[in-house]
Amino acid sequence: MAAVLADQGLSPETFEVSLMGCDDARIKVLNAEFRAKDKATNVLSWPSQDLAAEDEGAAPDAPEPFLPDERESLGDIAISYDTCLREADEQHKPMAEHVTHLLVHGTLHLLGYDHIREGDATLMESIEVRILDRMGISDPYEG
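As a starting point, this report considers the structure included with it.

Note that Thr41 resides in the loop between helix H2 (24-35) and strand S2 (43-47). The contact partners of Thr41, leaving out residues within four places of it in the chain, are Ile27, Asn31, Ser80 and Thr83.

Printed below as a string of structure tokens:
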């Protein structure tokens, strides 16, 4: 998550993220409760602020700390070990690289990025690829 913050010009010492690892049963409940989707998923994110850009393909607003000298929560991320393991196996990727990609993806959601509109998806995916490349992880969207 520090790599995402650094890429976005934010200090990792200023912001924090709550991360929960869980199984498919738990993430299915969360997905149903918060997204009305009765199925397991790999990662869910709950931003603490709405930073989304109004214009498609535009960068979201940057978060600002509420109090000086105190860490500001960007929000929460839940990630399912079961789904991540299955996806990594199906995609013939190392589990650690797949989980890293999903943590980058989830953190970008906390920062206001999304992939519902095509322009937003293009922007978000390009940032994911750039960050992962800096970490020595190949493009997860290739292949």
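Attention shifts here to unusual backbone geometry. Of note in the backbone geometry, Ala36 takes a positive phi value of approximately 55° without being a glycine. Residue classification places Ala36 among the exposed residues on the basis of a relative accessible area of 70%. The phi dihedral of His92 is positive, around 55°, even though this residue is not glycine.

Take the layout of surface pockets next. What the largest pocket holds in volume is close to 910 Å³. Surrounding the largest pocket, 37 residues form its lining, His105, His109, Tyr113, Asp114 and His115 being those nearest its centre. Of all the elements in the fold, those that place two or more residues in the lining of the largest pocket are H2, S2, helix H4 (95-110) and helix H5 (118-134).

Next up on the list: the sheet that holds strand S1 (residues 15-22). A sheet is described by the order of its strands in space; here three strands give the open sequence S1-S3-S2, paired in mixed fashion. The open sheet has two edge strands with one neighbour each: S1 and S2. Here the average twist between neighbouring strands, direction ignored, is 15°. Two elements, S1 and strand S3 (residues 72-80), share eight bridges in a ladder whose sense is parallel. Each bridged residue has a counterpart across the sheet, and for Glu16 the counterpart in S3 is Ser73.

On to the packing of aromatic side chains, then. Taken as a whole, this structure holds one aromatic pair when the rule is applied. Ring geometry for Phe34 versus Trp46: centroids 5.3 Å apart, planes at 75°, classification edge-to-face. In this pair, Phe34 sits in helix H2 while Trp46 sits in strand S2, placing the two residues 12 residues apart along the sequence. By relative accessible area, which is 21% here, Trp46 ends up partly exposed.

Moving on: the packing of H4 against H5. Across the interface, H4 lies against H5 with an axial gap of 10 Å and an inter-helix angle of 135°. In terms of orientation, H4 lies oblique with respect to H5. The two elements H4 and H5 cross, and the hand of that crossing is right-handed. Only Met124, Ile127, Glu128, Ile131 and Leu132 of H5 make contact with H4, whose side of the interface consists of Thr100, His101, Val104, His105, Leu108 and His109. Classifying every residue of the contact of H4 with H5 by side-chain character gives six nonpolar, four polar and one charged.

Basis of the calculations
- Residues numbered from 1 in each chain as written.
- Predicted model: local features only at pLDDT ≥ 70, side-chain atom pairs only at ≥ 80, totals over all residues.
- Heavy atoms only, no water.
- Helix = DSSP H or I, 4+ residues; strand = E, 2+ residues; numbered from the N terminus.
- Contact = heavy atoms within 4.5 Å.
- Buried < 20%, exposed > 50% of the residue type's maximum accessible area, 1.4 Å probe, protein only.
- 1 Å grid on protein atoms, 1.4 Å probe; cavity = no way out; pocket = protein on both sides within 12 Å on 5 of 7 lines; lining within 4 Å.
- Points joined across faces, edges and corners; volume = space filled by probe spheres on them.
- Pairing = 2+ DSSP bridges.
- Axes fitted to C-alpha atoms, helices over the stretch in contact; angles between N-to-C directions.
- Phe/Tyr/Trp six-rings, centres within 6.5 Å; stacked < 30°, edge-to-face > 60°.
- Parallel < 35°, antiparallel > 145°, perpendicular 65-115°, else oblique.
- Left-handed = near helix turned anticlockwise from the far one by under 90°.
- Nonpolar A, V, L, I, M, F, W, Y, C, P; charged D, E, K, R; others polar.

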